[in-house]
Amino acid sequence: MNMRNLAYLSFTKTYTHTQTMDSNVTEIPLIDISPLVKKIDEPDMANEKDLLGVVQRLDYACKGVGFFYVKGHGIPEMLMREVRDVLHKFFQLPYEEKMKIKMTRQSGYRGYQQLGENITREKRDMHEAINCLTPITPGKYGDLGKTLEGCNLWPENPSNFKVVLENYISLLKDLSRKIMRGIALALGGSVDAFEGAIAGDPYWAVRLISYPVASDVPEEKRTGTGMGSHTDYGLLTLVNQDDDMCALEVQNRSGVWIHANPIPGTFVCNIGDMLEVWSNGIYQPTIHRVINNSHQCRVSAVFFYETNFDAAIEPVEFCREKTGSDAKYQKVVYGERLVRKACCCFGDL
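Residues numbered from 1 in each chain as written. Predicted model: local features only at pLDDT ≥ 70, side-chain atom pairs only at ≥ 80, totals over all residues. Heavy atoms only, no water.

In the nomenclature of an unreviewed UniProt entry, the chain corresponds to Fe2OG dioxygenase domain-containing protein from the organism Urochloa decumbens. Reading the Cofactor (unreviewed entry) entry of the UniProt record for the chain gives the comment "L-ascorbate". A UniProt comment under Catalytic activity (unreviewed entry) is attached to the chain, and it reads "L-homoarginine + 2-oxoglutarate + O2 = 6-hydroxy-L-homoarginine + succinate + CO2". (UniProt positions renumbered as here; feature names shortened; annotations may be inferred.)

And the structure:
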């Protein structure tokens, strides 16, 4: 028996899936994932009780809340602050300077997005942003990837913007891979269930967002929300948010909005639509939104870890067995879904 299956057996013998968390939950769980980060890639990780404890907590969070904080993730807090610092500096630049990297269809929807250009559920969001996406060379995915072909547009100012973000993205890709390995075990699969044809060559996206103070926005562009209520479309999202203000809100199962209050040094994580399909609904994404009622501009760096761009996602067999054998979701090609959402959210470009 190989170590992947041994890890699965060790987990299922010591832990039975918890029941869904109370629908009136008012707090988002905080998980110390340091044992997972250190040991998930080791061949004898199946015997690590601390790691399997993290897996249990991930399952509890994904089933009951769809959101969780992570600490002990290994990303230097200084780097997390540096990312937010370069974002604040960029978004304070004059309009003309920011427009040098304007997002267009020709850029594959990469670059700077003006205030009010983003659309969520047919309503304009009160934020500005930079879109960074996995570079796609012409023809790599044929017609499927044509809309999103291109490279990222990096601003000249601040001068360290590109270096900081490329280093940060590289680290978050590996961190996300490790968390998804834990989630694979939590669902009862092998540790590498999300690799290979599913997410062995994961697509990633980064939204670098600035939510202005409402009083600083021209009246005709003011809306009730910085980002309208939605779920994310991939596997896993990691949010690096300003420490000193609360704006991210999560809707619990009873429909009540609860705050994802910043906890310095942590990421706020949430699961997405592709994980719901793959797990046959065992894990379901949670609706969330952003409302900045503070008197300061708020920035966040949102990292989306996705499947392979051309992956066909459908309920996996062992999750179908856990939920009554029938597939509750139709097959979804991730790249097709992403292109539809891009055209919908950025329709004016």
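K.L.:
I'd like a description of the sheet that holds strand 11 (residues 257-259), backed by residues and values.
P.N.:
Here 4 strands make up an open sheet; going across it, the order is 8-13-10-11 and the pairing antiparallel. Here the strands that pair on one side only, and so sit at the sheet edges, are strand 8 (227-230) and strand 11. Going across the sheet, the axis of each strand differs from the next one's by a mean of 20°, ignoring polarity. Pairing of strand 10 (residues 248-251) with strand 11, which is carried by 3 bridges, proceeds in the antiparallel orientation. Of the residues in strand 11, the one forming a bridge with Glu249 is His259. (Pairing = 2+ DSSP bridges. Helix = DSSP H or I, 4+ residues; strand = E, 2+ residues; numbered from the N terminus. Axes fitted to C-alpha atoms, helices over the stretch in contact; angles between N-to-C directions.)

K.L.:
If you had to explain the nonpolar core to someone new, which residues and values would you point to?
P.N.:
Nonpolar side chains in soluble globular proteins tend to be buried together. Among the nonpolar cores identified, the biggest contains 103 residues, and Leu148, Ile183, Phe194 and Phe267 are the most heavily contacted of them. For this core, the element with the highest residue contribution is helix 6 (residues 161-187), accounting for 14 residues. Ignoring anything within four residues of it in the chain, the contact list for Ile183 reads Leu58, Cys62, Phe194, Leu275 and Tyr283. (Core = buried A, V, L, I, M, F, W, Y, C linked by side-chain atoms within 4.5 Å. Buried < 20%, exposed > 50% of the residue type's maximum accessible area, 1.4 Å probe, protein only. Contact = heavy atoms within 4.5 Å.)

K.L.:
Before we move on, can you summarise the pattern of salt bridges with the specific residues and values?
P.N.:
The final tally for this structure, using the stated rule, is 16 salt bridges. Here Asp85 and Lys89 are joined by a salt bridge, their closest N and O atoms 3.3 Å apart. Of the two residues, Asp85 and Lys89 both sit in helix 4 (residues 77-91), 4 residues apart, roughly one turn of that helix. Residue classification places Asp85 among the partly exposed residues on the basis of a relative accessible area of 36%. Linking Asp174 and Lys178 is a salt bridge whose minimum nitrogen-to-oxygen distance equals 3.7 Å. Of the two residues, Asp174 and Lys178 are both situated in helix 6; the distance of 4 residues between them amounts to about one turn of the helix. Linked by salt bridges that have partners in common, Asp41, Asp174, Arg177, Lys178, Arg181 and Glu195 make up one network. (Salt bridge = Lys/Arg side-chain N within 4 Å of Asp/Glu carboxyl O.)

K.L.:
So what about the environment of Tyr211? Which residues, and what values?
P.N.:
Positionally, Tyr211 belongs in strand 7 (residues 202-211). Filtering out sequence-adjacent residues up to four positions away, Tyr211 remains in contact with Met126, His127, Gly226, Met227, Val290, Asn292, Gln296, Cys297, Arg298 and Ser300.

K.L.:
Can you explain the packing of helix 3 (residues 49-64) against helix 6? Please cite residues and give values.
P.N.:
Running from N to C, helix 3 and helix 6 cross one another at 80°; their axes reach a closest spacing of 8 Å. Taken together, the axes of helix 3 and helix 6 are roughly perpendicular relative to one another. Touching Leu51, Val55, Leu58, Asp59 and Cys62 of helix 3 are Ile179, Gly182, Ile183, Leu185 and Ala186, all from helix 6. Here the residues of the contact of helix 3 with helix 6 sort into 8 nonpolar, 1 polar and 1 charged. (Parallel < 35°, antiparallel > 145°, perpendicular 65-115°, else oblique. Nonpolar A, V, L, I, M, F, W, Y, C, P; charged D, E, K, R; others polar.)

K.L.:
With reference to specific residues and values, describe the packing of aromatic side chains.
P.N.:
Counted according to the given criterion, the structure contains 12 aromatic pairs. Ring centres of Tyr233 and Phe304 lie 6.1 Å apart, and the angle between their planes is 10°; on these two criteria the pair is classed as stacked. One end of the pair, Tyr233, is in the loop between strand 8 and strand 9 (236-241); the other, Phe304, is in strand 14 (residues 298-308), with 71 residues separating them in the sequence. The same class applies to Tyr233 and to Phe304, which are both buried. Judged by centre distance (6.5 Å) and plane angle (35°), the rings of Tyr233 and Tyr334 are tilted. Residue Tyr233 is found in the loop between strand 8 and strand 9, and its partner Tyr334 is found in helix 9 (residues 334-345); the two are separated by 101 residues along the sequence. Both residues of the pair, Tyr233 and Tyr334, belong to the buried class. Ring pairing ties together the aromatic residues Tyr141, Tyr203, Tyr233, Phe304, Phe309 and Tyr334, which thus form one cluster. A cation over a ring is seen here: Arg289 above Trp257, with NZ or CZ 3.9 Å from the ring centre. (Phe/Tyr/Trp six-rings, centres within 6.5 Å; stacked < 30°, edge-to-face > 60°. Lys NZ or Arg CZ within 6 Å of the ring centre and 35° of its normal.)

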